[in-house]
Amino acid sequence: MDPSTPKDPDVMSDYSEAVPIFPLAGLVFFPGTVLPLHLFEPRYREMALELLEGEGLLAVALLEEGWEEDATGETPIFPIVTVGRARRWERQEDGSLNVELVGLGRARILGEVTGKSWRRARLQPLEELPVDPEETRELSQSLLWGLQRLVGAEKSDPSEIKLDPSLDLGRFCDSLAFLLPMEPARKMGLLAELDPAVRARALVAHLEELRRKGTLRRVVHILPGFSLN
């Protein structure tokens, strides 16, 4: 693995120049999460080598429906994206590249820019809305309790849950939204929502829905930042 990030991977850019866009079907990337990419198409190999020589920024967008029938490669994408920075990369013997992308933040597409074989766009960074500290504590506790009930933990009293004081509600919601099974359209709605409190309430309801269906038992083991002990 070769380091490919000339700047701090946790620092957002002002996007003064066009950022490459990597469209994906059925996957929504979130800030604070890590996305492994395998780039094998010639245009994306070229794109990766160019971006790794610069800031390493890449915006991941969700393709709208109908991409299967679109032979032009210009299927419409949702206007809200997550911008990531390449943290590690590795070139394979066949010329393809494995890139590990760290999500930095949300952005809105202002307009696409031509001139390359891959898609690029001018972006506007999006900032989350502030949340009252007491509401943050209550919503974080509700999310943790929902996770606890989901995985069938023995403890049933939400007041006994230990909260990590450094837990960031927005990032916690984004990690959950990225990892939990959910339709891409619903995940896209969570990505577009700038109020962490609204996202948290939606995820509390989703956790209860998953619990009733009995579809998940291992999410808690891969989520950082909290304890159910």
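So, here is what we can say about the structure in this document. What you see is a predicted model, and the numbers here were worked out from it, not measured in a lab.

Observations regarding the overall build of the protein chain
Alright, step 1. Counting secondary structure elements, the protein chain contains five helices and seven strands.
Alright, step 2. Walking the protein chain from its N terminus toward its C terminus, one meets helices and strands in the order β-β-β-α-β-β-β-β-α-α-α-α.
Alright, step 3. In the protein chain, buried positions account for 44% of the 229 residues.
Alright, step 4. For the protein chain, contacts bridging at least 24 residues in sequence account for 71% of all contacts bridging at least 6.
Alright, step 5. Carbon and sulfur atoms make up 51% of the accessible area of the protein chain, which amounts to about 11,900 Å² in all.

Some points on the side chain of Thr82
Alright, step 1. As for its placement among the helices and strands, Thr82 is situated in strand E5 (residues 80-91).
Alright, step 2. At 2.7 Å, the side chain of Thr82 and the backbone oxygen of Phe29 are in polar contact.
Alright, step 3. Discounting chain neighbours no more than four positions away, the residues touching Thr82 are Phe29, Phe30, Pro31, Leu58, Ala59, Val60, Gly103, Gly105 and Leu191.

Section: the pairing of strand E3 (residues 34-39)
Alright, step 1. Burial along E3 is one-sided: Leu35, Leu37 and Leu39 are buried, while Val34, Pro36 and His38, pointing the other way, are not.
Alright, step 2. Inspection of the sheet shows E3 paired to strand E6 (residues 97-113) by six bridges, in the antiparallel sense. Note on E6: the bridge partner recorded for Val34 is Val102.

Brief notes about the nonpolar core
Alright, step 1. In terms of nonpolar packing, the biggest core is built from 46 residues, with Phe22, Leu35, Leu37, Leu39, Met47, Leu143 and Leu203 touching the most fellow members.
Alright, step 2. Here this core gets six residues from one element, more than from any other, and that element is helix H3 (residues 169-179).
Alright, step 3. Grouped together as the second largest cluster of nonpolar side chains are 15 residues, Ile21, Ala59, Ala61 and Ala107 included.

Some thoughts on the pairing of strand E4 (residues 57-62)
Alright, step 1. With six of six residues buried, E4 is to be regarded as a mostly interior element.
Alright, step 2. Residues Leu57, Ala59 and Ala61 point to one face of E4 and Leu58, Val60 and Leu62 to the other, with burial holding for every one of them.
Alright, step 3. Across four bridges, the pairing between strand E2 (residues 19-24) and E4 is parallel. Looking across to E4, one finds that Pro23 is bridged to Ala61.
Alright, step 4. Here four bridges tie E4 to E5, and the two strands are oriented antiparallel to one another. Opposite Leu58, over in E5, you have Gly84 as the bridge partner.

Calculation notes
Numbers given for residues are sequential positions, taken from 1 along each chain in its written order. pLDDT decides what is reported in this predicted model: residues at 70 or higher carry local features, side-chain atom pairs at 80 or more are listed and counted, and totals for whole chains, interfaces and linings draw on all residues regardless. Values shown for side chains rest on all heavy atoms present in the structure; no hydrogens or waters enter the calculation. By the criteria applied, helices consist of DSSP H or I runs no shorter than four residues and strands consist of E runs no shorter than two, each listed in order from the N terminus. Throughout this description, buried means an accessible area under 20% of the type-specific maximum (1.4 Å probe, protein chains only), exposed means over 50%, and partly exposed covers the range between. Whether two residues are in contact is decided by their heavy atoms, any of which lying within 4.5 Å being enough. Surface exposure here means Shrake-Rupley accessible area, sampled with a 1.4 Å probe, where a residue is shielded only by the protein chains that are shown. What qualifies as a polar contact is a pair of N or O atoms within 3.5 Å, subject to a donor-acceptor requirement within protein and to the restriction that residues adjacent in sequence count only when both atoms come from side chains. Each pair of strands is called paired provided DSSP finds at least two bridges between the two strands. For the purposes of this section, nonpolar cores are sets of buried Ala, Val, Leu, Ile, Met, Phe, Trp, Tyr and Cys residues that join through side-chain atoms within 4.5 Å.

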